[in-house]
Amino acid sequence: MVPDPIATGLEQGWQVIDASTLSADKTLEADVVIVGTGAGGGITAEILSKAGLKVVLLEEGPLKSSRDFKLRESDAYPQLYQESGERQTKDKAISILQGRSVGGSTTVNWTSSFRTPPSTLEVWNKQYGLPDLTVDALAPWFAMAEKRLNIHNWPGEPNRNNDLLRVGAEKLGISWGRINRNVNGCWNLGYCGMGCAVNAKQSMLITTIPAALGQGATLVYRVRVETLGVVGDQVGTVECHGLDSTGLLPTGRKLSVKARHVVLSAGAIGSPAVLLRSGAPDPFKLLGKRTFLHPVSISISDMPEPVVASAGAPQTVYSDHFLHNGPIDGPIGFKLEVPPIHPMLGATTLTGIGKSHAEWMSRFNHMHVQLALMRDGFHPDSLGGQVELRSDGTPMLDYPLTDYVWEGLKRSLLVMAELQFAAGATRVLPVHEGAVPYTSWAQAKQAIAALPAEVLRFRVFSAHVMGGCRMGSKPEESVVDSHGRHHQLVNLHVIDGSAFPTSIGANPQLSIYGLAARNASKLAETLTGKPAPALA
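Everything quoted here is computed from the prediction, not taken from an experiment.

(A) Molecular detail of the overall build of the chain. Secondary structure assignment for the chain yields 13 helices and 24 strands. For the chain, the C-alpha radius of gyration of 22 Å lies close to 24 Å, the compact-globule estimate for 536 residues. Dimensions of the chain, computed from the C-alpha atoms along their principal axes, are close to 65 × 50 × 45 Å. For the chain, the proportion of its 536 residues judged to be buried stands at 61%. At a minimum sequence separation of 6, the contacts of the chain that also span at least 24 residues come to 76%. Per element, the accessible surface of the chain, about 19300 Å² overall, is 53% carbon and sulfur.

Written out as structure tokens, the structure is:
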């Protein structure tokens, strides 16, 4: 087990402030203030700190590390996720899992790492004025991130949950592949979603954030960024409130950060929300719009042999067969993966009540689950959602599901049921309130086709949020340019997944890492007049 770098660094005197303990208002000064410590903020912090810039990092969630990760869902969801893992879209049709702690979603994700698909980049080039974001141009930045974060094809054998996707795919002649993971010394525990207890996952929590703090950066956690102090075409200050030890309620203490430059890395709901609360320039009414999820459908099956999907690396097998088998602007494509299953998340995902629910849970270790990630944003009827503010200023995502997306969600249930029966399932239960267990592919095919595509009856999930501050070459069509620089505010960058003009059709962490490395390096050169340092 790798020693806890957070504990070690705190003992060595890192500059870390728990805003819940502030006894008076406080003002900090920096060259750059970064809002958010996830994939975008972590990479940016390391590069800028190593460039010799004084950096302040602001994080709404707590600072937790391997000494706190006990592999218990009851601890992890309230501590490490937005809204205790219960974040939902405005109509409650889609449940959204997002991280909320130092390291952001990289602390709790399932380690799946894909470069941005070439077909996605081609659309960005041609339709969104981003000719400099090509496969060849981004390859060195992806390679840098992969080296820094030990992203590679994991050599271990897939657990049974993942291998059943392979088995079904091979029997049906469907292509499949192995997933690269950002791990080093993985113990194959299967609890990645609750924080890595052995420091094997190369999240921002144990890589770039410690590197930045080691270079003299300051981290403030349990602090909520309320507004940016916009004066003319610049941001003068970042105004924040301390939060109590639960991370929920303001303490009444204020924190103000004055900096030459501001980087928003609060994610594709958080970054647009900060700009909306701040009344930031938005002359073309684009802010928060075209925010995309990968809407996810889920299919549960019962296997005759034990699967034990709670154990082993969570995601190691995937299929893009239905992502690339048609034009990108045709019927919605989807990526097939499997999720890990743990009792609390499994029980709340499983449909049914009473005896039927209890009977399925009694088969917990025999459950095999597949999911399908919809690639939204590439069709005229694929408009995504809009980040809005509630009356108290907190963000909310309005994401109406169109007929275009519903069609893909229903089609994916058919595909997954056929795959699960091909892999040996004795029965299949699509996660839909109108579904019942089906005992044959013929029965499932007929029944699934008749399931209504209705909000709250068709259960939809997502763990990937993109867009809302989309990049492009024209200010009338985008919020930032291809390097994340805000079109109207000269000392503001957005470096996170909110800059994506569409979803990407793959787990987004490596796409964010690569673009963040590129854009933070450009920013470092601009601010210092010197070549940017590489990631370690």
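The rest of the description comes next.
(B) Fine view of the packing of aromatic side chains. Under the counting rule described, the total for this entry stands at 5 aromatic pairs. For the pair W124 and F500, a centre-to-centre distance of 5.5 Å together with 45° between the ring planes defines the contact as tilted. A residue pair is termed long-range when its members are at least 10 positions apart, and W124 in helix α4 (residues 118-127) and F500 in the loop between β24 (492-494) and α13 (509-528) qualify at 376 residues. Judged by its relative accessible area of 0%, F500 is buried.

(C) Spatial organisation of unusual backbone geometry. Phi is positive for T111, which is not a glycine, with a value near 75°. Looking at the secondary structure, you find T111 in the loop between β5 (94-96) and β6 (112-113). Notably, N150 is not glycine yet its phi reads approximately 55°, a positive angle.

(D) The sheet that holds strand β20 (residues 395-398), seen in detail. Across the sheet, which stays open at both edges, the 4 strands sit in the order β20-β19-β14-β23 with antiparallel pairing between neighbours. Looking at the sheet topology across the chains shown, the edges are occupied by β20 and β23 (465-467). Geometrically, the sheet is characterised by an average inter-axis angle of 45° between neighbouring strands, direction not taken into account. Taken together, the 3 bridges between strand β14 (residues 289-293) and β23 define a ladder with antiparallel strand orientation.

(E) A look at the pairing of strand β19 (residues 385-389). Looking at chain direction, β14 and β19 are connected through 2 bridges and run antiparallel. The residue bridging K289 from the neighbouring strand is Q386, located in β19. Direction of pairing for β19 relative to β20: antiparallel, over a ladder of 4 bridges. Across the sheet, residue L389 finds its bridge partner in β20, namely P395.

(F) Summary view of the nonpolar core. Within the largest apolar cluster, 98 residues are counted, with the highest numbers of intra-cluster contacts made by L58, W124 and V238. Among the elements that make up this core, the one with the highest residue count is α13 (10 residues). Those residues in contact with V238, other than ones at most four positions away along the chain, are V33, V35, L58, V225, T227, L228, L255, S256, V257 and V262. Counting residues in each nonpolar core, the second largest holds 63 residues, with F292, I298, M374 and F421 among its members.

(G) Representation of the side chain of E337 within the structure. As for its placement among the helices and strands, E337 is situated in strand β17 (residues 334-337). Despite its burial, E337 remains without a salt bridge, the nearest opposite charge being carried by K335 at 5.0 Å. Separated by 3.5 Å, the side chains of E337 and N507 make a polar contact.

(H) Representation of the packing of helix α2 (residues 39-50) against α13 within the structure. Interhelical geometry of α2 versus α13 gives an angle of 35° and a closest axis separation of 8 Å. Crossing geometry of α2 relative to α13 is assigned as right-handed. The residues of α13 that touch α2, namely those facing A39, G40, I43, T44, I47 and L48, are I512, Y513, A516, A517, A520, S521, L523 and A524. Here the contact of α2 with α13 is built from residues that sort into 11 nonpolar, 3 polar and no charged.

(I) Spotlight on the pattern of salt bridges. Inspection of the entire model under this criterion finds 24 salt bridges. E146 serves as the salt-bridge partner of R115, at 2.8 Å between the closest nitrogen and oxygen. Placement of R115 in the loop between β6 and α4 and of E146 in helix α5 (residues 135-148) is noted, with a sequence separation of 31 residues between them. Note that D132 and R518 form a salt bridge whose closest N and O atoms lie 2.8 Å from each other. In this pair, D132 is assigned in the loop between α4 and α5 and R518 in helix α13, connecting sequence segments 386 residues apart. By relative accessible area, D132 is classed as partly exposed at 28%. Of the residues examined, R518 reaches a relative accessible area of 8% and is grouped as buried.

(J) Structural context of the sheet that holds strand β7 (residues 151-153). Spatially, 3 strands are ordered β6-β9-β7 in an open sheet, and the strand pairing comes out antiparallel. Each edge of the open sheet carries a strand with a single partner, namely β6 and β7. In this structure, β6 lies alongside strand β9 (residues 180-182), joined through 2 bridges in antiparallel fashion. Pairing of S113 across the sheet is with N180, part of β9.

(K) Quick peek at the environment of A93. Position of A93 among the secondary structure elements: in the loop between β4 (87-88) and β5. Overall, the relative accessible area of 5% leaves A93 in the buried class. Spatially, the C-alpha atom of A93 lies 16 Å from that of L383, the residues being 290 residues apart in sequence. Beyond its immediate stretch of four places on either side in the chain, A93 contacts L401, V455, L456 and V460.

(L) Inspection of helix α6 (residues 160-172) at higher detail. Taking 1.5 Å of rise per residue, the 13 residues of α6 would be expected to cover 18 Å, and the 18 Å separating its terminal C-alpha atoms lies within 8% of that figure. All of the buried residues along α6 are N161, N162, D163, L164, L165, V167, G168 and A169. Packed against the buried residues of α6 are β16 (317-318), β17, β18 (367-374) and α11 (403-422). A positive phi of about 70° marks G173, the residue just after α6.

Basis of the calculations
Residues numbered from 1 in each chain as written. Predicted model: local features only at pLDDT ≥ 70, side-chain atom pairs only at ≥ 80, totals over all residues. Heavy atoms only, no water. Helix = DSSP H or I, 4+ residues; strand = E, 2+ residues; numbered from the N terminus. Rg over C-alpha atoms; globule rule 2.2 N^0.38 Å. Buried < 20%, exposed > 50% of the residue type's maximum accessible area, 1.4 Å probe, protein only. Contact = heavy atoms within 4.5 Å. Areas by Shrake-Rupley, 256 points an atom, 1.4 Å probe, with all protein chains shown as cover. Phe/Tyr/Trp six-rings, centres within 6.5 Å; stacked < 30°, edge-to-face > 60°. Pairing = 2+ DSSP bridges. Axes fitted to C-alpha atoms, helices over the stretch in contact; angles between N-to-C directions. Core = buried A, V, L, I, M, F, W, Y, C linked by side-chain atoms within 4.5 Å. Lys, Arg positive; Asp, Glu negative; His and termini not counted. Salt bridge = Lys/Arg side-chain N within 4 Å of Asp/Glu carboxyl O. Polar contact = N/O pair within 3.5 Å; in protein donor to acceptor, adjacent residues only side chain to side chain. Left-handed = near helix turned anticlockwise from the far one by under 90°. Nonpolar A, V, L, I, M, F, W, Y, C, P; charged D, E, K, R; others polar. Expected span 1.5 Å × (residues − 1).

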